[in-house]
Amino acid sequence: MSDQSQSHASQDDQARALQLRDSLHHARSRIDRACSDSGRDAAGITLIVVTKFFPARDVLSLVDLGVRDIGESRDQEARPKVEQVGLRTDPERMPRVHMIGQVQTKKARSIARYADVVHSVDRARLVTALDRAAGAAIEQGERSGRLDVTLQVDLDGGDNERRGGVPVQDASALADDIAGCEFLRLRGVMAIAPAQAAGDDVALGSAFEALARCHELIVASHPAATWLSAGMSGDLEHAIAAGATHLRVGSVILGSRPPQR
Ligand SMILES: *Cc1c(COP(=O)(O)O)cnc(C)c1O
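Given the structure is predicted, the values throughout are model-derived calculations rather than measurements.

1. Overview of the overall build of the chain
Consideration 1: Within the chain, the regular secondary structure consists of 9 helices and 9 strands.
Consideration 2: Relative to its length of 261 residues, the chain is compact, with a C-alpha radius of gyration of 18 Å against a globular reference of 18 Å.
Consideration 3: Seen through its C-alpha atoms, the chain measures out along the principal axes to roughly 60 × 45 × 35 Å.
Consideration 4: Classification of the 261 residues of the chain by burial places 49% in the buried group.
Consideration 5: Of the contacts formed within the chain by residues at least 6 apart in sequence, a portion of 65% connects residues at least 24 apart.
Consideration 6: For the chain, the computed accessible surface area is about 12,800 Å², with 49% contributed by carbon and sulfur atoms.
Consideration 7: The centroid of the 32 positive side-chain charges in the chain is displaced by 4 Å from the centroid of its 36 negative side-chain charges.

This is the structure:
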C-alpha cells in the first residue's frame, strides 16, 4: 500500500469515528429525553450497541467513545470479531458481549467461550445446551463464571419462527428451567416488538406493556431477574416508558444494514 492510500484509509477511519461519535451522542440524547419524559434515571439503562454486520474497527471506535456493551447476532460473525477486539483492547475496556440473535444449540459451546450474556433463550433444549456449554467453558478455563441469560418472550403471537421467543404463557416454566441450571444465571426477560407494530405508537405501547406484565410475573418468583431487554432504534422511547433496563440499538448508531436473509 502506498503512503498516499494509507493516508486516505486513515482519513476514512477518522471520518467514520466522527460519524459514530455524533450518532452515539444522538442516541444517548434520545435515551435521556425518554427517561426524563417517564421520570426515570438514565443511569438505570444499559445501552447495548448492536454491531452486527459492522467490522471490529467500528467496535474499537465505539470503545474509545465509552461504549461498554455490544450486541451481536451470529456466532460465525461474532467469534472472530470479538477475538480481534480483544487483541487490540485493554482488558479493562473490553466491552461486554451480548448475543441477541437466535442461537442454534450446536453453537452453544462456541458462544459460551466469549459471550457475557445470551438474550435470546427461548426453549428448553437451548437452556440445556447453554448450561452444559457454560460448564465446559468454565472447566476449560475459557470463562470465569456463570453465563448470564435473559428469556426471550414472543410478542408476535406465534408466526415468527425467524425472530424467536417463547409464548408468554410458557415463560414462567422456562424461567424455572433456567433458574435450575448450575452454570446459567437468569437475569430477566427480552423481547422484540411485533413486526406489525413498527411505527404504530399505540401498538408499540401495548406490546411493551404486555412484556412488562410478563416480566413482573417472572420477577415475582425470580427476584434477581430484574433486566428488561427491550427497545431498538425505532422504538426505544416506548421501551423506556414500559421500564426497559437494556436497549439494543444498532442502525441509528452504525447505519443501515443489508436486508436480513
Ligand atoms: C439487529 C437487532 C437489534 C438492533 O436493531 P436496530 O433496529 O438496528 O436498532 C436489536 N435486537 C435484536 C434482537 C436484533 O437482532
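2. As for the nonpolar core
Consideration 1: If you look at the biggest cluster of nonpolar residues, it comprises 72 residues, and the most contacted ones within it are Val118, Leu151, Leu184, Leu211, Leu247 and Ile253.
Consideration 2: Per-element tally for this core: the top contributor is helix α5 (residues 124-139), with 7 residues.
Consideration 3: Look past the residues within four positions of Val118 in its chain and what remains in contact with it is Met99, Val103, Ile111, Leu130, Leu147, Asp148, Val149 and Thr150.

3. Re the site of the ligand
Consideration 1: The environment of the ligand is made up of Val50, Lys52, Ile100, Met190, Ile192, Met232, Ser233, Arg248, Val249, Gly250, Ser251 and Arg257.
Consideration 2: Ser233 places a side-chain nitrogen or oxygen 2.6 Å from an oxygen atom of the ligand.
Consideration 3: One of the backbone nitrogen or oxygen atoms of Gly250 is found 2.8 Å away from an oxygen atom of the ligand.
Consideration 4: A breakdown of the residues in the shell around the ligand according to their chemical character gives 6 nonpolar, 3 polar and 3 charged.

4. A short note on the pairing of strand β3 (residues 96-99)
Consideration 1: When strand β2 (residues 69-72) meets β3, the two strands line up parallel, connected through 4 bridges. Residue pairing for β3: Ile70 is matched across the bridge by Val97.
Consideration 2: What joins β2 to β3 is helix α3 (residues 75-88), and the crossover it makes is right-handed.
Consideration 3: Bridge analysis of β3 against strand β4 (residues 117-121) gives 2 bridges, and the strand direction is parallel. Its bridge partner lying in β4, His98 is registered against Val117.
Consideration 4: Once you follow β3 into helix α4 (residues 108-114) and on to β4, the crossover reads as right-handed.

5. Concerning the environment of Glu72
Consideration 1: Examined against the element boundaries, Glu72 turns out to sit in strand β2.
Consideration 2: A relative accessible area of 0% means that Glu72 is categorised as buried.
Consideration 3: For Glu72 and Ser23, which are 49 residues apart along the polypeptide, the C-alpha to C-alpha distance reads 19 Å.
Consideration 4: Sequence-distant contacts of Glu72, defined by excluding residues within four places in its chain, comprise Thr51, Lys52, Glu77, Ala78, Lys81, His98, Met99, Ile100 and Gly101.

6. Structural notes on the pattern of salt bridges
Consideration 1: Evaluated as defined, the whole model comprises 15 salt bridges.
Consideration 2: Between Arg109 and Glu142 there is a salt bridge whose closest N-O contact spans 2.8 Å. One end of the pair, Arg109, is in helix α4; the other, Glu142, is in the loop between α5 and β5 (147-154), with 33 residues separating them in the sequence.
Consideration 3: A residue is classified by how much of its surface remains accessible, and Arg109, at 25% relative accessible area, is partly exposed.
Consideration 4: Arg185 serves as the salt-bridge partner of Asp148, at 2.7 Å between the closest nitrogen and oxygen. Taken together, the residues Asp148 in strand β5 and Arg185 in strand β7 (residues 184-190) connect sequence positions 37 residues apart.
Consideration 5: Looking at Arg185, the relative accessible area reads 36%, which means it is partly exposed.
Consideration 6: Each of Glu72, Arg74, Glu77 and Lys81 takes part in one network of salt bridges that share partners.

7. Observations regarding the packing of helix α2 (residues 56-64) against α3
Describing two packed helices takes the angle between their axes plus the distance from one axis to the other.
Consideration 1: Where α2 meets α3, the axes come as close as 9 Å, and the angle between the chain directions of the two elements is 45°. Between α2 and α3, the angle is such that the two are oblique. Taken as a pair, α2 and α3 cross one another with a handedness that is right-handed. On α3, the residues that touch Ala56, Val59 and Leu60 of α2 are Lys81, Gln84, Val85 and Arg88.
Consideration 2: Considering only residue class, the contact of α2 with α3 consists of 4 nonpolar, 1 polar and 2 charged.

Reading guide: rules and limits
Residues numbered from 1 in each chain as written. Predicted model: local features only at pLDDT ≥ 70, side-chain atom pairs only at ≥ 80, totals over all residues. Heavy atoms only, no water. Helix = DSSP H or I, 4+ residues; strand = E, 2+ residues; numbered from the N terminus. Rg over C-alpha atoms; globule rule 2.2 N^0.38 Å. Buried < 20%, exposed > 50% of the residue type's maximum accessible area, 1.4 Å probe, protein only. Contact = heavy atoms within 4.5 Å. Areas by Shrake-Rupley, 256 points an atom, 1.4 Å probe, with all protein chains shown as cover. Lys, Arg positive; Asp, Glu negative; His and termini not counted. Charge placed at Lys NZ, Arg CZ, Asp CG, Glu CD. Core = buried A, V, L, I, M, F, W, Y, C linked by side-chain atoms within 4.5 Å. Near = heavy atom within 4 Å. Polar contact = N/O pair within 3.5 Å; in protein donor to acceptor, adjacent residues only side chain to side chain. Nonpolar A, V, L, I, M, F, W, Y, C, P; charged D, E, K, R; others polar. Pairing = 2+ DSSP bridges. Right-handed = clockwise from strand over helix to strand, strands pointing away. Salt bridge = Lys/Arg side-chain N within 4 Å of Asp/Glu carboxyl O. Axes fitted to C-alpha atoms, helices over the stretch in contact; angles between N-to-C directions. Parallel < 35°, antiparallel > 145°, perpendicular 65-115°, else oblique. Left-handed = near helix turned anticlockwise from the far one by under 90°.

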